[in-house]
Amino acid sequence: MSEEMLFQRDDLEHALSDNVRESDESKYLIFRSSDILYAISTDVVKEIFTHVDVTRIPMLPDYIAGVINLRGAVVPIIDFRLMLGRYPEGESCAIILDIDGVTIGILVDTVDRMVDISKSAILPVPPQNEHPMVNGMCTIPGGTSTVMLLDAPALIHMGE
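What you see is a predicted model; the values in this text were computed from it and never measured.

The rules behind each value
- Residues numbered from 1 in each chain as written.
- Predicted model: local features only at pLDDT ≥ 70, side-chain atom pairs only at ≥ 80, totals over all residues.
- Heavy atoms only, no water.
- Buried < 20%, exposed > 50% of the residue type's maximum accessible area, 1.4 Å probe, protein only.
- Helix = DSSP H or I, 4+ residues; strand = E, 2+ residues; numbered from the N terminus.
- Pairing = 2+ DSSP bridges.
- Salt bridge = Lys/Arg side-chain N within 4 Å of Asp/Glu carboxyl O.

Outline the pairing of strand S7 (residues 102-108), listing residues and values.
Along a regular strand, successive side chains alternate from one face of the sheet to the other. The buried fraction of S7 is high, at five of seven residues. As paired strands, strand S5 (residues 73-79) and S7 are joined by three bridges and run parallel to one another. Opposite Asp-79, over in S7, you have Leu-107 as the bridge partner. The loop that links strand S6 (residues 93-99) with its antiparallel partner S7 comprises two residues; one of these, Asp-100, has a positive phi angle of about 50°.

As structure tokens, then:
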């Protein structure tokens, strides 16, 4: 009986340590824009579209591509590539985000995959970082590629 109880206690400790490890990780959506990999928390990702018809609106900054009609809601679309000072090349896809109750979309080159990233793996950006919306960087688990982590609220506060 005591061996069985010890075994159960070890299983409980193992399960608890797994939960601690899981809570240290967050899911991120990896996408590519101008040959650079970026990641954004899946907590703010609502949808991904491979093709969107954007209605252009005059007299807006160049990086605001326009708006789309998403099931009756007007959603502004930001061309992430232009926001970074790069010109779009070829096809794009849209990632629809819900950031603090504000729905926006960003145009990117491609969506790559979702990964779990440990908080301890996230490094600070260099002080000479010229993009205030990037708030960290890390190596993709199991790979050699480095991704830039986006600060989602910074996307909706860029013009302020």
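Explain the pattern of salt bridges to me, and be specific about the residues and the numbers.
Summed over the entire model, instances satisfying the criterion amount to five salt bridges. The closest approach of N and O atoms between Asp-116 and Lys-27, which form a salt bridge, is 2.9 Å. With a gap of 89 residues between them, Asp-116 in strand S8 (residues 110-118) and Lys-27 in strand S1 (residues 25-33) connect regions that are remote in the sequence. Judged by relative accessible area, which is 32%, Asp-116 ranks as partly exposed. Between Asp-79 and Arg-81 there is a salt bridge, and its shortest N-O distance comes to 3.0 Å. Accessibility classification places Asp-79 together with Arg-81 in one group, the buried group.

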